[in-house]
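So the chains spell out like this:
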Amino acid sequence: MTETKDISWDDAVLPFQLERSGMRGRAARLGPLLEHVLSRHNYPVAVSAMVAELTALTALIGQTVKLRWKLSLQVRGNGAIRTIATDYYAPETEGGPARMRAWASFDAERLQEDLPGFDQLGQGYFAVLIDQGEGTTPYQGLTPLAGGSLATCAQTYFEQSEQLPTQFELTVGRARLPGQAQEHWRAGGIMVQTLPAASHTAPGGEALQSADILQGAQSEDWNRATTLMATVEAMELVDPALPLPNLVFRLFHEEEPTAFAAQPLVFGCSCNADRVRGTLSIYSAKDIRHMTNDDGIVTADCQFCGAHYEFDPQSLGFEATIDADGRPLAQGGAGESRAAL
């Protein structure tokens, strides 16, 4: 197991491997990062809880992907909670932190605080998107919203789309820690995952389940590991005083666990003025005029971090006449400017 001295286990993901059963796993705990994400929005409790759950899932899944740029999870439904979106950006340097961000949209008039958030998503889908950056084609996988939780949706996605039996245990909520005057949002989770020996197809064309993939001794290993994981207590997942390697060892000591270097997590947003300009570059001058407010400017706000941007409308769109610094553009200059974004 890794050395736990002087390591902060808030806002971190710990990768581990179960040597006996040949499975991999991740344990994650979110504290200040999650509070930072949620404090930038005035979400009702039910919405905040759903954002926290999806953020925890994103932290766990993002660390398992050989990622060069970004993993996104998106939930879209036709209920009171319409959209939840999270992004996980791969570390820019070896050993550096991964950046995360999240946001949600909802219909306040339809929202019911006494109902679980998942029940207020309605019909829709759970999406996994992987973008490896420039020169690659983004991957997208979808699964319907079903099963009573976002964790169950993620498990279904891995079973059906990736043929990777996967199990999650998550907890989210507000807690007042020793020395704190106010409650803050916290989340914690743990997952185990195994690889199938070969491709499988469910009988009769039905949805693929773990039992269709795992056979013989592998099935026994899977049942044993997931049974052990299910003994985790909610407080263990969010307790900042409990090192994640200690938690993994308590749960899986029979499986001969090996923990690796923890991945730190920080809040981070990729928005900037140039990106906004690039997004608006597809619009004509007429379209830009419709976006211009009474003060003669075009404004944009980042849904993730709340950053506010203001632009001279003449500098926007494919018919722009000035650049970002207000200098006149030569004929064809706007196109050249867009290509440089």
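Residues numbered from 1 in each chain as written. Predicted model: local features only at pLDDT ≥ 70, side-chain atom pairs only at ≥ 80, totals over all residues. Heavy atoms only, no water.

Naming follows an unreviewed UniProt entry, where the chain appears as Molecular chaperone Hsp33 of Paracoccus thiocyanatus.

## Some thoughts on the overall build of the chain
Helix and strand counts for the chain stand at ten helices and 13 strands. Burial analysis of the chain (341 residues in total) assigns 47% to the buried set. The long-range share in the chain, meaning contacts at least 24 apart out of those at least 6 apart in sequence, stands at 64%. Total accessible area on the chain stands at roughly 16,800 Å², and carbon and sulfur atoms take up 48% of it. (Helix = DSSP H or I, 4+ residues; strand = E, 2+ residues; numbered from the N terminus. Buried < 20%, exposed > 50% of the residue type's maximum accessible area, 1.4 Å probe, protein only. Contact = heavy atoms within 4.5 Å. Areas by Shrake-Rupley, 256 points an atom, 1.4 Å probe, with all protein chains shown as cover.)

## Notes on the pattern of salt bridges
Using the criterion set out here, one finds ten salt bridges in the structure. Where Asp10 meets Arg186, a salt bridge forms, and the shortest distance between an N and an O atom there is 2.6 Å. With Asp10 in the segment before strand S1 (12-18) and Arg186 in strand S9 (residues 184-193), this pair connects stretches of sequence that are 176 residues apart. Residues Asp10 and Arg186 agree in their burial class; the two are buried. In this structure, the salt-bridge partner of Asp323 is Arg327, at a minimum N-O distance of 3.1 Å. For Asp323, a relative accessible area of 17% corresponds to the buried category. A cluster of three or more residues bridged by salt bridges with shared partners is formed by Arg20, Asp221, Arg224 and Glu255. (Salt bridge = Lys/Arg side-chain N within 4 Å of Asp/Glu carboxyl O.)

## Section: the side chain of Asp87
Within the element layout of this structure, Asp87 appears in strand S4 (residues 81-89). A distance of 2.5 Å separates the side chain of Asp87 from the side chain of Ser72, its partner in a polar contact. Within polar-contact distance, the side chain of Asp87 engages the side chain of Arg101 at 2.8 Å. For Asp87, the contacting residues outside a window of four places in its chain are Thr58, Lys70, Leu71, Ser72, Arg99, Met100, Arg101 and Phe304. (Polar contact = N/O pair within 3.5 Å; in protein donor to acceptor, adjacent residues only side chain to side chain.)

## Considerations on the pairing of strand S6 (residues 124-131)
Pairing between strand S3 (residues 70-77) and S6: eight bridges, direction antiparallel. Residue Leu71 lies in a different strand from S6, and its bridge partner there is Ile130. Pairing of S6 with strand S7 (residues 139-144) involves six bridges; the strand directions are antiparallel. Bridge pairing in S7 places Val128 opposite Gly141. (Pairing = 2+ DSSP bridges.)

## So, the environment of Ile322
As for its placement among the helices and strands, Ile322 is situated in the loop between strand S13 (308-311) and helix H10 (333-339). A relative accessible area of 13% places Ile322 in the buried class. Considered as a pair, Ile322 and Asp312 are ten residues apart in the sequence and their alpha carbons are 8.8 Å apart. Not counting the four nearest positions on each side in its chain, Ile322 is found in contact with Asp312, Gln314, Ser315, Arg327, Pro328 and Leu329.

## Describing the packing of helix H1 (residues 32-39) against helix H2 (residues 45-62)
As a packed pair, H1 and H2 sit with axes 11 Å apart at the nearest point and diverge in direction by 135°. Relative to H2, H1 is oriented oblique. You can see that H1 and H2 cross each other, and the crossing is right-handed. On H2, the residues touching Leu34, Val37 and Leu38 of H1 are Ser48, Val51, Ala52 and Thr55. Grouping the constituent residues of the contact of H1 with H2 by class yields five nonpolar, two polar and no charged. (Axes fitted to C-alpha atoms, helices over the stretch in contact; angles between N-to-C directions. Parallel < 35°, antiparallel > 145°, perpendicular 65-115°, else oblique. Left-handed = near helix turned anticlockwise from the far one by under 90°. Nonpolar A, V, L, I, M, F, W, Y, C, P; charged D, E, K, R; others polar.)

## Observations regarding the confidence of the model for the chain
A low pLDDT means the predicted coordinates there should not be read in detail. When pLDDT is averaged along the chain, the result is 87; 88% of the residues meet or exceed 70. Predicted confidence is poor over residues 198-205, with pLDDT under 50, and the contacts of this stretch with residues over four places away or in other chains come to eleven contacts. This stretch, residues 332-341, has a pLDDT under 50; its non-local contacts, to residues over four places away or in other chains, come to ten contacts. (pLDDT = per-residue confidence, 0-100.)

## Some details on a nonpolar patch on the surface
Taken together, Ile282, Tyr283 and Met291 make up a surface patch of nonpolar side chains, about 270 Å² in accessible area. Using a relative accessible area of 62% as the deciding quantity, one classes Ile282 as exposed. (Patch = residues over 30% accessible without salt bridge, like charges linked within 9 Å, V, L, I, M, F, W, Y side chains within 5 Å.)

## Considering the state of the cysteines
For the coordinates displayed, the defined rule picks out zero disulfides. Considering cysteine sulfurs only, Cys305 is the nearest to Cys271, which forms no disulfide, with 3.5 Å between them. On the accessibility criterion, Cys271 (23% relative accessible area) is partly exposed. (Disulfide = S-S within 2.5 Å.)

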